[in-house]
Amino acid sequence: MTIATHERYAQMLDAARRGGYAYPAINVTSTQTLNAALQGFAEAESDGIIQVSVGGAAYLSGQSVKDRVVGSLALASFAHEVAAHYPNITVALHTDHCAKQYLDEWVRPLLRHEIDEVAHGQEPTFQSHMWDGSTVPLDENLDIAEELLEQSVKAHTILEIEIGAVGGEEDGHSAEIDEKLYSTPADGVKVAQRLGLGERGLYMAAFTFGNVHGAYKPGIVQLRPGLLGDIQHEVAAAVRDGRVPSMPRAFADSWQGAGSAVCGGAVGVGAVAGVGIGSGIGSGGGTVGIDSAAGSVGAVADSSAVLPSFGRGEAAEAAAEKPFALVFHGGSGSRPEEIAEAVSHGVVKMNVDTDTQYAFTRAVAGHMFEHYAGVLKIDGEVGEKRFYDPRSWGREAESSMAARIVEACQRLGSAGKALK
Ligand SMILES: [Zn+2]
């Protein structure tokens, strides 16, 4: 197993939520950084997520071409080839922050491409896509999320949404450091009411809790990871008292019901509400109740034959306790205890970009300073090919970045837990 199938990805995310760990999601902008990511995950014996940003996708297509779809598909093709040589780990491919102005030229065409792949019996090229609606009002954010979630179901992909706005600067885009840094439990309830909790399609949610992109010295912003716990508790309570007419489900269980729920969303939701209120959270019976409400008991039984049956009951219980699979952005400079607390509240994906960028470039800088007389042609000399061959500094840079990824896997608890 190398690039995740959609079912395998669901299992990965369930395993993380159930096991209380998270996957590093590593931004890559080249085949060098992609190979470094694979090297790092393999060394850590961790599954993981590899992602391209809006700027990275354009850059990957060639700086004079600047076509985000071309760059994304090219990187993914390369990844599918090389990842096949890491049989002991699974990686999912993801597209990072897509703001509203890029949807039509990037994520929507990719989703159409993947819907076509699925229609032809293939796996989608990417396994998930992020819609970043943090710059539009919450209602509009969720309107667009609803539409994209429907497309994601057809594309066999998982959607990532952002609620609130991560501050700071990333990829040339900057956001204010203001009250949108902190989303609220009420936002969480609204998201669950509008998007369901898996029965209308699978999504991960980046609720902000003081996150800022980029490198900051400690103390500039106040991370409040406890807010993620408050959001999870409030939504779980809202499920129990019927304000949220859905039952949180394990990701692997949701693939089966999602298609039928999309066809008749309103009907499905009403039916689920009736059952959901009466059945106990985390009883394990809740899952059956939901699926029978959606009329897909048979489908679930079938899915057991297709999917390994590892920990499905536990995964459903974890989902009841932590209804959202959460994403942590802007974690550079966070203290290990802050990261651990966020992960304990259901973070399953943590984006890592700034720190791996630095690890890569730091090694290049070290090489250049150490071997400057070889990489440069000084005083009529000819330099030394073995020092300016891009592979010589490239290998050092990749190994340095891979080591930083191993560290991320250890901190997030995914090291040594690659699914067999
Ligand atoms: Zn981010």
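Thresholds applied
Residues numbered from 1 in each chain as written. Predicted model: local features only at pLDDT ≥ 70, side-chain atom pairs only at ≥ 80, totals over all residues. UniProt positions renumbered as here; feature names shortened; annotations may be inferred. Helix = DSSP H or I, 4+ residues; strand = E, 2+ residues; numbered from the N terminus. Buried ≥ 20, exposed ≤ 12 C-beta atoms within 10 Å, placed from the backbone. Contact = placed C-beta atoms within 7 Å. Arc of directions from axis to C-beta. Pairing = 2+ DSSP bridges. Axes fitted to C-alpha atoms, helices over the stretch in contact; angles between N-to-C directions. Nonpolar A, V, L, I, M, F, W, Y, C, P; charged D, E, K, R; others polar. Core = buried A, V, L, I, M, F, W, Y, C linked by C-beta atoms within 7 Å. Parallel < 35°, antiparallel > 145°, perpendicular 65-115°, else oblique. Left-handed = near helix turned anticlockwise from the far one by under 90°.

Where an unreviewed UniProt entry is consulted, the chain appears under the name Fructose-bisphosphate aldolase, with the organism given as Bifidobacterium subtile. The Catalytic activity (unreviewed entry) comment attached to the chain in UniProt states, word for word, "beta-D-fructose 1,6-bisphosphate = D-glyceraldehyde 3-phosphate + dihydroxyacetone phosphate".

**A closer look at the overall build of the chain**
The helix and strand tally for the chain stands at 18 helices and 11 strands. Counting every position in the chain, which comprises 420 residues, the buried fraction comes to 52%. Taking the intrachain contacts of the chain between residues at least 6 apart in sequence as the baseline, contacts between residues at least 24 apart amount to 77%.

**Details of helix H7 (residues 185-195)**
Of all the residues in H7, the buried ones are Asp187, Gly188, Val191, Ala192 and Leu195. Mapping the buried residues of H7 onto a view down its axis gives an arc of 135°, with all of them on the same face. Structurally, H7 contributes buried residues whose contacts are with helix H6 (138-155), strand S5 (158-163), strand S8 (203-207) and helix H8 (226-240). Remark: glycine 196 follows H7 within two positions and exhibits a positive phi of approximately 75°.

**Describing the UniProt feature "active site" (unreviewed entry) in the chain**
Here, the residues flagged by UniProt with the feature "active site" (unreviewed entry) are Asp96. Relative to the elements of secondary structure, aspartate 96 occurs in the loop between strand S3 (91-95) and helix H5 (107-119). Residue classification places aspartate 96 among the buried positions, given that 23 C-beta atoms sit within 10 Å. Apart from residues lying up to four places away in sequence, aspartate 96 is in contact with Asn27, Gln51, Val52, Ser53 and Met130.

**Details of the pairing of S8**
For S8, the tally of buried residues reaches 5 of 5 residues, placing the bulk of the element in the interior. Covered by surrounding structure in S8 are Tyr203, Ala205 and Phe207 together with Met204 and Ala206, the residues of both alternating faces. The sheet contact formed by S5 and S8 spans 5 bridges and is parallel. Considered in S8, the bridge of glutamate 160 is made with methionine 204.

**Considering the UniProt feature "binding site: Zn(2+) 1" (unreviewed entry) in the chain**
Per the UniProt entry, the sites bearing "binding site: Zn(2+) 1" (unreviewed entry) are His97, His213 and His329 in this numbering. Judged by maximum C-alpha separation, these annotated positions cover 233 residues in sequence but sit close together in space, the widest gap being only 11.8 Å. Position of histidine 97 among the secondary structure elements: in the loop between S3 and H5. Using a count of 23 C-beta atoms within 10 Å as the deciding quantity, one classes histidine 97 as buried. Discounting chain neighbours no more than four positions away, the residues touching histidine 97 are Ser53, Val54, Met130 and Asp132. Topologically, histidine 329 is positioned in the loop between strand S10 (326-328) and helix H14 (336-344). Residues within four places of histidine 329 in sequence aside, it is in contact with Val166, Ala206, Asn211, His213 and Asn351.

**What to know about the environment of phenylalanine 328**
On the secondary structure map, phenylalanine 328 appears in strand S10. On the neighbour-count criterion, phenylalanine 328 (29 C-beta atoms within 10 Å) is buried. Here phenylalanine 328 is in contact with Ala342, Val347, Met350 and Asn351, once residues within four sequence places are set aside.

**Description of the packing of H5 against H6**
Axis angle and axis distance: for two packed helices, these are the angle between their axes and the distance between the axes, and together they describe the pair. In the contact formed by H5 and H6, the axes pass within 8 Å of each other and the chain directions differ by 35°. Residues Leu111, Glu114, Ile115 and Val118 of H5 form the contact with H6, whose participating residues are Gln151, Ser152, Lys154 and Ala155. Residues of the contact of H5 with H6, tallied by class, amount to 4 nonpolar, 2 polar and 2 charged.

**Concerning the nonpolar core**
Ala205, Leu326 and Val347 are the most contacted members of the largest nonpolar core, which totals 107 residues. What leucine 326 contacts, discounting residues up to four positions off in sequence, is Met204, Ala205, Phe207, Leu228, His345, Gly346, Val347 and Val348. Counting 5 residues, the second-largest nonpolar core is a separate cluster that includes Val166, Ala175, Leu181 and Val212.

**What about the environment of valine 347?**
The residue valine 347 is located in strand S11 (residues 347-352) in this model. C-alpha of valine 347 to C-alpha of leucine 326: the two residues are 21 residues apart in sequence and 4.2 Å apart in space. Once residues within four sequence positions are removed from consideration, valine 347 is found in contact with Ala22, Leu228, Leu326, Val327, Phe328 and Ala342.

**A closer look at unusual backbone geometry**
Although it is not a glycine, lysine 66 sits at a positive phi angle of roughly 50°. With respect to the secondary-structure elements, lysine 66 resides in the loop between helix H3 (54-60) and helix H4 (68-83).

**A look at the packing of helix H2 (residues 31-44) against H4**
At a closest axis distance of 11 Å, the pairing of H2 and H4 adopts a crossing angle of 40°. Classed by the angle they form, the pair H2 and H4 counts as oblique. In this structure, H2 meets H4 at a crossing whose hand is right-handed. The residues of H4 that touch H2, namely those facing Thr31, Leu34, Asn35 and Leu38, are Leu75, Phe78, Ala79, Val82 and Ala83.

**A few points about the pairing of S11**
Of all 6 residues that make up S11, 6 are buried, and the element is covered over most of its length. Where strand S1 (residues 23-27) lies against S11, 4 bridges are found, and the strand directions are parallel. Bridged to alanine 25 within S11 is asparagine 351. Taken together, the 3 bridges between S10 and S11 define a ladder with parallel strand orientation. Considered in S11, the bridge of valine 327 is made with lysine 349.

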